[in-house]
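One letter stands for each residue in the lines below.
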Amino acid sequence: MTRTAATALAPRVAENLNRALHRLFDREERLHLLGEDVLDPYGGAFKITKGLSSRFGDRVMATPLSESGMLGVAGGLALCGDQVIVEVMFGDFLALGFDQLLNFASKSVSMYGRPVPVPLVVRCPVGGNRGYGPTHSQSPQKHFIGIPNLALYELSPFHDAEAVLDTALRLGSPAVVFEDKVLYTRRMYQENRIDDGYRYRITGPGLGWAHAYPDGEADRPDFVVVAPGGAAHRALDAARALREAHGRSVHVVTPAQLYPLDIGPVLPLLASAGRVAVAEEGTAGGTWGSEVARAVHERVWSALSGPVLSLSSADSVIPTAGHLEREVLLGADDIREAVRRAAGWSAGRGGGQPEAAHPGSPAAGGAAGTPFTVPKLNNNDDTYLVADWLVDEGAWVDADTEVVALDTSKAQADVAASGSGFLRRAAAVGDELAAGDILGYLLPGPAPRGAPEQEGAALPARSADRVPPPEPARPAAEEEPDAVPAEDLPVAVHRLDRAQQGTAAVVAKSHREVPAGFTVVKVQVDDVLDRLDRLSDESGAALGLAEAVVKAVAGAQRDFPRFFGSLVDERTVALADAPHIGVTVDVDGSLYVPVVRRAHERSLADIADTLMDFRMKALGKEFTARDLSGGNIAVSLNPDPGVVLVHPLVLWPQLCMVSVGAVGEEYRADAAGTAGMRRFVHVGLAYDHRVVNGRDAVLFLTRIKDVLEEPARLGGERTWTTG
């Protein structure tokens, strides 16, 4: 999405929700909040309740791990005249409190012979795409559809959270607010603009429906996708792709209230399109989308060109592994293809014909095709490694299709085609290219087999009636231009995947350019581990040695500024303003080094939450360039049992990397001569010897050792639990 000035200033959905809770508590003196781990400093599993217990401690209650219990207590409070918000840590667990909603709270509204208000709102993080696995990733909305007196809402970036929660509380009957977890880090939309290409407006009374449309095309859509909550982004991505490929105007409508369903405000739009799809992340069968389809069929059947298209995730449990999770969950590509097929739009623009080349472009003459080149990806690298081709040689490519993956020293980036055409590769996997070098060509017609790849080679002109063929199957290894001939390979081989090729490029660069030294110390960790266990019990956060090491390294920046700098030239080191610490995350054979920013200001609980978020992003391969850039020192974590010593590399342009082995045990005598079991780790430092000398490295490691062996040197409990 192209970020405008408006969206750049917009709060994230999580911030909007947290601010909404604070405002409601300021305004409503009888409002209570119940949930697991909602107290500060933890502030809930997703930090939505952060700061509430510090300001309204007597009205914010951390509950035992019992959804049935907390919903029963909340229902009783609401029945007695209080307002109650319950945070269920994961929406999957709402099933454990289903009886309290179905048979107590919702029925209490009307089973006593007179209307009884039950102002109870249950907040539920739902949805996948975070690698949380089968029991923490579901979208259970359909199981709550149709319960009398139980209203259902779903947050979106279009609808202000305060308005949604306030409406639900004032309804006088219980409500469930579903919050797709992938939205928490996305920004709210404001000023009726989504990005430079799409706008939106709110239609209907009350919270209404958000209607998103291409700028200047608010009326007469070719297709409308109804998509609640987190599915709205995927529907918008699909709409953009369909507009680019087919020139069609696909609109997206998103409600704030799911049930009771009021489809009236958007019926004129749906009727004008004649084609409607409903996209939701839950599985098929008795869904909210089925309710939408029923209502649309009943009320505007005569205006429809076909039945409402119902799009759901696969009928499966949700896997933890990122690549399998993506296979199961409904994605933007699924929506795009389903809409395209239902509407009868062929694979190319204008009834299947690829767009004609502009008369002035190189492709128009059929001589060499249109080249696409390596973009400038960052300021740290002069060259990038070609990690993988994402589209087969000779396949038709639409504009903005991601065709090749490049590895940088920080992250992997997928490069999109600048136009459309048949792909002719000019670079092989493993090539190292600079910005501006040619990656390949987009040809007006398919190249003959064996045609030369160099610029200027003659190519046949495109036939006027050619339709881009389906992409061919990926060629076997012996057919790839950069592969070793099959007869030269051993019987058994292993080819490096994209992630490992990126790691290989970084390692090679480090060993080639950084003259590194290495020093290691042995650290007793009994005291710090005991202290971390105690703080974990008190705070509800899972604190370990990794968080303590990050905190200790960050605390050394003031006295060892060169260790956090970068080499500008042979005589100059640029010093960092704050410690931004990269931490290794090795998942499914892929190594990442995301960055904990301003780690010296972060509490241990906050660092723990950040590291957990990194692990989840690694599982789903969801890191952004910002996550992986900006570090000025790194920590290599190697906690597997039996790991004694780790010699890390130095990640250019950084100057140092700290390594931590596994916790070991040994019998040692204490100061009184009493033998006992002691726990220890080896902490190492790899350093650029051009800037850091061995004696400096020893002093730095001694600082880390002292802090870990005597955690009181960091100060009181507040120093460990706050920034």
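Residues numbered from 1 in each chain as written. Predicted model: local features only at pLDDT ≥ 70, side-chain atom pairs only at ≥ 80, totals over all residues. Heavy atoms only, no water.

J.: Please explain helix α6 (residues 161-170) as it appears in this structure.
T.: In an α-helix, one turn spans 3.6 residues, which is why side chains three or four residues apart end up on the same side. By the criterion of burial, α6 is predominantly enclosed, with 7 of the 10 residues buried. Buried residues belonging to α6 abut α2 (13-27), β1 (31-35), β3 (83-87), β4 (120-126), β5 (151-154) and β6 (175-180). If you check the start of α6, you find a side-chain oxygen 3.2 Å away from the backbone N of E162, and it comes from D160. Positive phi shows up at G172, right after α6, with a value of about 90 degrees. (Buried < 20%, exposed > 50% of the residue type's maximum accessible area, 1.4 Å probe, protein only. Helix = DSSP H or I, 4+ residues; strand = E, 2+ residues; numbered from the N terminus. Contact = heavy atoms within 4.5 Å. Polar contact = N/O pair within 3.5 Å; in protein donor to acceptor, adjacent residues only side chain to side chain.)

J.: Would you take a moment to explain the pairing of strand β9 (residues 223-226) for this structure?
T.: Residues in a regular strand point their side chains to alternate faces of the sheet. Of the two faces of β9, the one lined by F223 and V225 and the one lined by V224 and V226 are each fully buried. Direction of pairing for β9 relative to strand β10 (residues 250-255): parallel, over a ladder of 4 bridges. Each residue of the ladder has a partner; that of V225, found in β10, is V252. Here β9 pairs with strand β12 (residues 276-283) via 3 bridges, running parallel. Counterpart to V226 in the pairing with β12 is V278. (Pairing = 2+ DSSP bridges.)

J.: When you look at the nonpolar core in this model, what are you seeing that I'm missing?
T.: Counting residues in hydrophobic clusters, the biggest one holds 134 residues, and the most contacted among them are V553 and F700. Excluding anything up to four places from it in sequence, V553 contacts F564, I581, I633, V635, V658, F700 and I704. With 27 residues, the next largest nonpolar core counts I194, A338, V339 and W345 among its residues. (Core = buried A, V, L, I, M, F, W, Y, C linked by side-chain atoms within 4.5 Å.)

J.: Can you walk me through the sheet that holds β12 in this structure?
T.: Strands belonging to one sheet form pairs held by backbone hydrogen bonds; the direction of such a pair is parallel or antiparallel. Pairing is mixed in the open sheet, where 6 strands are placed in the order β7-β8-β10-β9-β12-β13. In this open sheet, the two edge strands, each paired with only one partner strand, are β7 (198-203) and β13 (309-313). Neighbour-to-neighbour, the strand axes of this sheet turn through a mean angle of 25 degrees, independent of strand direction. Direction of pairing for strand β8 (residues 209-214) relative to β10: antiparallel, over a ladder of 4 bridges. Following the sheet pairing, A212 is matched in β10 by V252. Those strands touched by helix α7 (residues 231-246) are β7, β8, β9, β10 and β12, and its axis lies near 170 degrees from that of β10. Together, β8, β9, β10 and β12 form the strand contacts of helix α9 (residues 288-300), whose direction differs from that of β12 by roughly 160 degrees. (Axes fitted to C-alpha atoms, helices over the stretch in contact; angles between N-to-C directions.)

J.: For this particular structure, what's the right way to read the pattern of salt bridges?
T.: Close approach of charged atoms lets side chains of opposite charge pair. Summed over the entire model, instances satisfying the criterion amount to 40 salt bridges. Residue R234 is joined to D180 by a salt bridge in which the shortest nitrogen-to-oxygen separation is 3.6 Å. A residue pair is termed long-range when its members are at least 10 positions apart, and R234 in helix α7 and D180 in strand β6 qualify at 54 residues. Neither R234 nor D180 differs from the other in exposure class; each is buried. The residue D215 makes a salt bridge to R193 at a minimum N-O spacing of 3.7 Å. (Salt bridge = Lys/Arg side-chain N within 4 Å of Asp/Glu carboxyl O.)

J.: For this particular structure, what's the right way to read unusual backbone geometry?
T.: Among all residues except glycine, the phi angle is most often negative; among peptide bonds, the trans geometry is most common. Here Y259 and P260 are connected by a cis peptide whose omega angle stands at -5 degrees. Along the chain, P260 turns up in the loop between β11 (257-259) and α8 (267-273). Put simply, W652 and P653 share a cis peptide bond, and its omega is 10 degrees. Backbone geometry at N149 places phi at a positive 70 degrees, although glycine is not the residue there. Structurally, the position occupied by N149 is in the loop between β4 and β5. One non-glycine residue, N192, lies in positive phi territory at about 60 degrees. Among the structural elements, N192 can be located in the loop between β6 and β7.

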